[in-house]
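# Structural overview for review
One-letter residues, chain by chain:
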Amino acid sequence: MYPLRRRPALALRRGGRWSSLLVAGLLLLVLSLVWFHLSCSAERDEPSGPCSAQPPGASEQLSWAPHRLAVLVPYRQRFEELLAFVPHLHGFLGRQKVRHRILILNQVDRLRFNRASLINAGFKESGNDTDYVVMHDVDLLPLNQDLDYGYPASGPYHVASPELHPLYHYKTYVGGILLLTKRHYEMCNGMSNRFWGWGREDDEFYRRIKGAGLQLHRPSGISTGYKTFRHLHDPAWRKRDQKRSAAQKQEQFKVDQAGGLNNVKYSIQSRTDVTIAGAPCTVLNIMLECDESQTPWCVLS
Ligand code: UDP
Ligand code: MN
């Protein structure tokens, strides 16, 4: 009899263990659902990670801008700056609810650096799902969330204005960070491809903006002055290519009437999607071509 009396008690104890396991399992399920919900709503400000793969809900679609920005970043050998730039700008644009795609325009040929041609190539490669661009130096990080990266319908919008840029303060400066609709960039025929080495291509672009009859706009009411950007710009560490041949010196203040978006020559060697600290971007390896009879200064002699 003894064993018979024990058996139901054992069964009862086993049943109790199963029900407490069930309760613990249910509790875990509820907790993980709550966690997932919270992390998704936090992510709405920064669209990356598991939740962003899902289509946005109706209310979210309303709050994000209808336009999509292509961020065109001329680039060569600035790795530390890149590691800081991509997560920073992705978060900054996410908080502004600006749909965007970051393109790193990595110049891989053996010619001198050509910021303008890289931007022309990036523009052509930026896809039909983007309708405006920002040419964006990799070393300039916007710190003031009031800087507007929205669609610049009424004309080119110079975010890194001379009143805010830590280094460049002349009135016609349009370098650093400049937003344009694709239509306006096309009206300028893009940028000149004749500038190899450091500088002047942005000053020439200012004259193109004026030549196309476009109105240039800049931020107003920004209270942070020269502290509006972080400029990761160390001339001792990053030597600037400022050499000018005699022929180049003669050329540097001229307007290039015929060339630009229409005659940029390049090929895409590879296209790689990467994420940097959770922020997505695409690296385009770009081989620029140079007609040495036209611009012999594209190679350093
Ligand atoms: N740049 C680069 N590698 C170079 C030279 C220039 O990536 O060797 C890119 C980078 O995006 C940089 C921009 O071109 O921010 C402008 O160059 P830099 O900062 O030297 O010029 P500045 O700030 O004086 O206009
Ligand atoms: Mn710089």
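Residues numbered from 1 in each chain as written. Chains lettered and ligands numbered in written order. Predicted model: local features only at pLDDT ≥ 70, side-chain atom pairs only at ≥ 80, totals over all residues. Heavy atoms only, no water.

In the nomenclature of an unreviewed UniProt entry, the protein corresponds to Beta-1,4-galactosyltransferase from the organism Geotrypetes seraphini. If you open the UniProt record of the protein and go to Subcellular location (unreviewed entry), you find "Golgi apparatus membrane". Among the UniProt annotations of the protein, the heading Pathway (unreviewed entry) holds the following wording: "Protein modification; protein glycosylation." (UniProt positions renumbered as here; feature names shortened; annotations may be inferred.)

Right, let's talk about the overall build of the protein for a bit. Helices and strands together make up the secondary structure of the protein, namely 7 helices and 9 strands. A buried classification covers 44% of the 301 residues belonging to the protein. Put simply, 76% of the contacts in the protein that link residues at least 6 apart link residues at least 24 apart. Roughly 16600 Å² of accessible area belongs to the protein as shown, and the carbon and sulfur atoms make up 57% of that amount. (Helix = DSSP H or I, 4+ residues; strand = E, 2+ residues; numbered from the N terminus. Buried < 20%, exposed > 50% of the residue type's maximum accessible area, 1.4 Å probe, protein only. Contact = heavy atoms within 4.5 Å. Areas by Shrake-Rupley, 256 points an atom, 1.4 Å probe, with all protein chains shown as cover.)

Turning to the pairing of strand 2 (residues 99-107), a few remarks are in order. In terms of residue burial, strand 2 counts as a mostly covered element, since 7 of its 9 residues are buried. Here 8 bridges tie strand 1 (residues 68-75) to strand 2, and the two strands are oriented parallel to one another. Among the inter-strand pairings, Leu72 is bridged to a residue of strand 2, identified as Leu103. In this sheet, strand 9 (residues 279-288) lies alongside strand 2 in parallel orientation, the contact comprising 5 bridges. Bridge pairing links Leu105 to Leu284 in strand 9. (Pairing = 2+ DSSP bridges.)

The final tally for this structure, using the stated rule, is 1 disulfide. Each disulfide pairs two cysteine sulfurs, and for Cys290 the partner residue is Cys298, the sulfurs being separated by 2.0 Å. With the S-S bond torsion at -85°, the cross-link from Cys290 to Cys298 turns out left-handed. By relative accessible area, which is 22% here, Cys290 ends up partly exposed. Overall, Cys298 belongs to the buried group, its relative accessible area being 0%. (Disulfide = S-S within 2.5 Å.)

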